[in-house]
Amino acid sequence: MSDKSTGRQETGQIDTVMQEERLFPPSAEFSAQARVRSLEEYQKLWEESTANPEAFWGQLAQEELHWFEPFHTVLDWNEPVAKWFVGGKTNVSYNCLDVHLTTNRRHKAAIIWEGEPGDTRTLTYLQLHREVCRFANGLKSLGVKQGDVVSIYMPMTPELVIAMLGCARIGAVHSVIFAGFSAEAIADRNNDANAKIQITSDAAWRRGKQLPLKLTVDEALEKSPTVEKCIVLRRTGAEVEMREGRDVWWHDLVDAQSDDCPAEPLDSETTLFILYTSGSTGKPKGIRHTTAGYNLYAKKTFQWVFDHRDEDLFWCTADCGWITGHSYVAYGPLSAGATQLMYEGAPNWPQEDRFWKLVEKYRVSTFYTAPTAIRAFIKWGDQHVDKYDLSSLRLLGTVGEGINPEAWMWYHEKIGGERCPIVDTWWQTETGGIMMSPLPGAIAAKPGSCTKPLPGIVPKIVDESGREVEPNHGGMLCIAHPWPGMLRGIWGDDERYREQYWTKVPGMYLTGDNARQDNDGYYWIMGRIDDVINVSGHRLSTIEVESALVSHPQVAEAAAVGRPDELKGQAIAVFVTVRDAEPNDALAAELKLHVRKEIGALAVPSDIHFTATLPKTRSGKIMRRLLRDIAAGTEIVGDTSTIEDYSALAKLRDDEE
Ligand code: WTA
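This one's a predicted model, so the numbers in the text were calculated from it and none came from an experiment.

About the thresholds
Residues numbered from 1 in each chain as written. Predicted model: local features only at pLDDT ≥ 70, side-chain atom pairs only at ≥ 80, totals over all residues. Heavy atoms only, no water. Near = heavy atom within 4 Å. Polar contact = N/O pair within 3.5 Å; in protein donor to acceptor, adjacent residues only side chain to side chain. Areas by Shrake-Rupley, 256 points an atom, 1.4 Å probe, with all protein chains shown as cover. Nonpolar A, V, L, I, M, F, W, Y, C, P; charged D, E, K, R; others polar. Domains from an automatic or database assignment. Pairing = 2+ DSSP bridges. Helix = DSSP H or I, 4+ residues; strand = E, 2+ residues; numbered from the N terminus. Axes fitted to C-alpha atoms, helices over the stretch in contact; angles between N-to-C directions. Contact = heavy atoms within 4.5 Å. Buried < 20%, exposed > 50% of the residue type's maximum accessible area, 1.4 Å probe, protein only. Salt bridge = Lys/Arg side-chain N within 4 Å of Asp/Glu carboxyl O.

Caption draft 1: Main features of the site of the ligand. Taken together, 16 residues lie around the ligand, and Asp424, Thr425, Gln428, Thr429 and Asp513 are the ones closest in. Between the ligand and the protein, one listed contact pairs a nitrogen atom with a backbone N or O atom of Gly400 at 3.1 Å. One of the side-chain N or O atoms of Asp424 is found 2.7 Å from a nitrogen atom in the ligand. The protein chains hide 89% of the 530 Å² of surface that the ligand would expose on its own. Grouping the amino acids of the shell around the ligand by side-chain chemistry returns five nonpolar, six polar and five charged.

Below you can see the structure in the form of structure tokens.
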């Protein structure tokens, strides 16, 4: 990073103060065996795909999916309503399972699973197919029909994936709710979706303790009048109350079922799932994804970005309660016939080395996790990593937030042994799959940049008036052309869908993120549009200030927010967790000096709050709205001169921010 002066912008553009010059090309060996082997090859692919997206996606859809009936139209686009592969009939469960049964993947492991207590299970494609068929027959026996909504609140067990695929097989719509949400949050989602069936387990293992999932569901179902039946998986053996006439054990439902359940030929635009995500106005949005387009996009992006090879062992650490678990645990890897590791529990149970122990034990080759986890690993210390042989790894990935360049370097050196490319993947629940990321054999990485768009994706960065901005100026990130994985709407609220994503910038999908492009055409995500800090008319992005702080050896994590300031409009307040230093005034002064040196006087924080932990959403994103309220003094906290544990406050805000 180096100093760079910033110019005042009148158009609502965002100033950039960060310059990252380091470039990490893939090794010649990696590129030589990659799917896409050079920048030129990538560029050719991208140009072809965007010159005629319909021809591009149409051909891929024919090659990659099984069609019970062929489609007649690739794209029917009537903004903001997209229909892909119109007239075709396919089935996602068929594409994930049945297609492999006639190949040499029939007896290949689909899921290698380890529970938190250390119990293990492996399911081959043939075995997984059988389990899914029996579960789908179980759903049918309860009267579940195409279009019915099934609410899933389960631990990361193979049955969670079996439940998702079982729904997909018969055209039921799943709504997976992360098993950390409260009864209230489950009931809200069940009611919004009119859920008919609930699936849960007796309890879930979490750091050696049992989370009483069934108990939480019992409370939620008191307020979910549309739910008729509740299927309960026995996981921990915890005692639960089974409500007569409503509750049924998973094993009782499934044991008697036949393992023959032909996949239902479903129209391409049949709803596959809804997934609730945070909205800026509080009420969670049910993001709706459909069958063929989503399936194709999850499969192809998995193959491109993770450069998937049959001999890989892929491990995505995300929970199926989030979109990452939908696209890169369930649907992408299974469509591609991959073998994946699935782990049930916490990364620090029984010790902080659990992930590396798993990598060594199973010889994981591709590892995909979130920056929040990487920052935790750094904080826990290298001794937990150094004990293990991580030489099986060949590719690393991140998702969910921007990664600070210092954390990127640690990931590269400590986990990747300076050998593995890192794919920093930018995407959203709404996009269905990865939108920007290096193709690891083709595009050299820059720490902190998600680099370039995937084939078929056309990003644009625009200012308030909708005009494209110059390189190195931040603006609103939009996508110019529909893509198969895009959301099809917000469940039950067409107007909100139009309003949120398609109104502000005409003719483009509005992502809600800010970004800039550098002189090499690389994209840098600058945070959510609402998070911009405006200091004396300069609009700064949170990630740049945070990255400067994290580059200080004593800083583990940092979050920057704006707070009202009479003189400057806004002043920068930062929340910092330290490694093992004593947080005091001297360190605060040193950190201010450090930011001044790294990016300039403009970005020097006015307030530094030391905190034991940062408040995070359940998916691990920093809760900036809460921090803004604390910084502005509108959220009552105790004595802020001592170290606060703001995560306690986060728990009071029940929903995702
Ligand atoms: C942020 C997760 C920077 C971004 C798949 C986006 C990122 C939101 C990155 C979506 C990344 C995700 N770099 N920011 N690589 N990946 N984000 O819906 O603000 O949970 O809009 O989907 O996370 O979060 P969501």
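Back to the write-up after that little detour.
Caption draft 2: Expanded view of the domain arrangement of the chain. For the chain, the domain assignment lists domain 1 (89-346) and domain 2 (531-656). The C-alpha centroid of domain 2 is placed 37 Å from the C-alpha centroid of domain 1.

Caption draft 3: Here's a closer look at the sheet that holds strand β4 (residues 109-114). Taken together, seven strands build an open sheet; the order of strands is β5-β4-β17-β16-β18-β19-β20 and the sheet is mixed. Every other strand in the sheet has two partners, leaving β5 (120-124) and β20 (422-425) as the edge strands with one partner each. Between one strand axis and the next, the sheet turns through 20° on average, direction left out of account. Seen against the sheet, helix α5 (residues 125-141) touches β4 and β5 and runs at an angle of roughly 90° to β5. Together, β4, β5 and β17 (339-343) form the strand contacts of helix α6 (residues 158-170), whose direction differs from that of β5 by roughly 30°.

Caption draft 4: Geometry of the pairing of strand β25 (residues 523-528). Within β25, five of the six residues are buried, which leaves it mostly tucked inside the rest of the structure. Across five bridges, the pairing between strand β24 (residues 509-517) and β25 is antiparallel. Of the residues in β25, the one forming a bridge with Arg516 is Trp524. Between the antiparallel neighbours β24 and β25 lie five residues, among them Gly521 with a positive phi of about 80°.

Caption draft 5: Examining the pattern of salt bridges more closely. Counting across every chain of the model gives 43 salt bridges. A salt bridge links Asp310 to Arg105, with the shortest nitrogen-to-oxygen separation between them at 3.0 Å. In this pair, Asp310 is assigned in the loop between α10 (292-305) and β16 (313-316) and Arg105 in the loop between α4 (92-101) and β4, connecting sequence segments 205 residues apart. Across the pair Lys108 and Asp310 runs a salt bridge, and its minimum N-O distance is 2.9 Å. Here Lys108 is found in the loop between α4 and β4, whereas its partner Asp310 is found in the loop between α10 and β16, with 202 residues between them in sequence. Of the residues examined, Lys108 reaches a relative accessible area of 15% and is grouped as buried.

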